[in-house]
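Single-letter residue listing:
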Amino acid sequence: MVVFVMLATTGWTAVHRPQQNVSARHVALAAWAGARVGGISVPPADAPIRSVARFFSDLDTAQRARLADTYPLVVGNLDGVPAQTRYRANRHSLEQASATERDRAQDVALTPADRDDAVRRLHRLESLAEPARQVLVFDPTGDGLVAEVFGDLDQAQRVSVIVPGVDTDLITFERSQRRYSAPVGMAESLYDAERAAAPKTRTAVIAWAGYVSPVGLGVDAATGRLAAQGAVRLESLATALPGDASVALFCHSYGSVVCGVAAHGLPRRVTDVVVSGSPGMRVENAAQLGTSARVWAMRDSGDWIADVPHLELGGLGHGADPVSPDFGARRLSAVGAKSHTGYFEPGTGSLDNFARIGTGSYGSAVCASGDDSCRRGISGTEAD
């Protein structure tokens, strides 16, 4: 209670984000509304996923490529479009955004700070536009939304999705320092660990920064407004993934709030929701999430998130502690995680557990209690 009062009376640390490139997105959507291919109108940008998927499945390769090249900002972010077509579209969008930032970096009418920001964005955009990268989402609006795939998404038997927390945007999507605290580093680490744990299992991992996350530990981080918006996008992503692969969500920090809000609307192909360093999932227990997925939780002993009040009062706070025995999640060991941002560090027990769940090797998951309690009731495990 004291923490909430202090934050409320000091104005928190909320920051209004700049809304750059909004017009480009709006122009793209307006152009898409009148687009046709093969004499047939394209589906609306807000059409149901099944309608989009059906439309694109009826197109030939050349027609898909033409739409990706002509309307990249729409096609690259449209759930239901084949992954390879989205990769192509987003590469175009990244190149276009790079040109914009290159001009801004040299614009003497801008402040030095704005030019420096343009240089940072340009470096990130140029890196993401490299041919080998598989960018599934790219929207340059504001601080930017982005998602990247590691592995073959079309052929995967199991797909893992990283849902990160606060201060995640285009710039922080990957880092050279503290690499495994950023979505790209998290996803690369998990992908490598999954291949090592189950080399015969075809896996793919998605680093998903596809929602507007809170800036700092401010009012947005203490409420569910941005989580509710992110949940809609997460549900859409999970529904639109190709094939029939099972899906596991790995939700870190505020990302666990997003996963909690999304849980009841997730498709049944989502078999596991794993939260780490969670401030809560906006429910009082796992049953209230309303999902058929298994719910797992872990927290390192040195994670400062344990000191955040696990309650909800007047819209502030995110409810019960997911690692509390009363919550009802399957509690996993996080040995070696080293505080709040170390859960995906190679060599940690937390990453090992993530890889086991991501590959369906539930029988070798290590429980926080040291016994087999977290594995009970799962078919095919020793604790079944």
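Keep in mind that this is a model prediction, so the values were computed, not measured.

## Structural notes on the pairing of strand β4 (residues 145–151)
- Within β4, 7 of the 7 residues are buried, leaving the element largely enclosed by the surrounding structure.
- In terms of strand pairing, strand β3 (residues 134–139) meets β4 through 5 bridges, oriented antiparallel. By the bridge assignment, valine 137 is partnered in β4 with alanine 147.
- Hairpin remark: β3 followed by β4, antiparallel, with 5 residues in the connecting loop; positive phi at glycine 142, about 60°.

## Some words on the pairing of strand β7 (residues 246–252)
- Among the 7 residues of β7, 7 are classified as buried, and the element is accordingly described as predominantly covered.
- Neither face of β7 is open: one carries Ser246, Ala248, Phe250 and His252, the other Val247, Leu249 and Cys251, and all of them are buried.
- As defined by bridge partners, strand β5 (residues 158–163) adjoins β7 across 6 bridges and the pair is classed as parallel. In the sheet register, arginine 158 faces β7, and the bridge partner there is serine 246.
- Direction of pairing for β7 relative to strand β8 (residues 270–276): parallel, over a ladder of 6 bridges. Paired with valine 247 across the bridge in β8 is valine 270.
- You can see the chain leave β7, run along helix α11 (residues 254–262) and come back into β8, and the turn it takes is right-handed.

## Quick word on the sheet that holds β5
- Strand order in this open sheet of 8 strands is β3-β4-β6-β5-β7-β8-β9-β10, and the pairing throughout is mixed. The open sheet terminates on both sides in strands that have one partner only, identified here as β3 and β10 (330–331).
- Relative to the sheet, helix α8 (residues 183–197) contacts β4, β5, β6 (203–209) and β7, its axis offset from that of β6 by approximately 165°.
- The sheet contacts of helix α10 (residues 225–240) involve β3, β4, β5, β6, β7 and β8, and relative to β6 the element is tilted by about 160°.

Reading the values: the criteria
Residues numbered from 1 in each chain as written. Predicted model: local features only at pLDDT ≥ 70, side-chain atom pairs only at ≥ 80, totals over all residues. Heavy atoms only, no water. Buried < 20%, exposed > 50% of the residue type's maximum accessible area, 1.4 Å probe, protein only. Helix = DSSP H or I, 4+ residues; strand = E, 2+ residues; numbered from the N terminus. Pairing = 2+ DSSP bridges. Right-handed = clockwise from strand over helix to strand, strands pointing away. Contact = heavy atoms within 4.5 Å. Axes fitted to C-alpha atoms, helices over the stretch in contact; angles between N-to-C directions.

From the geometry alone we can't say anything about function, so treat these as descriptive.
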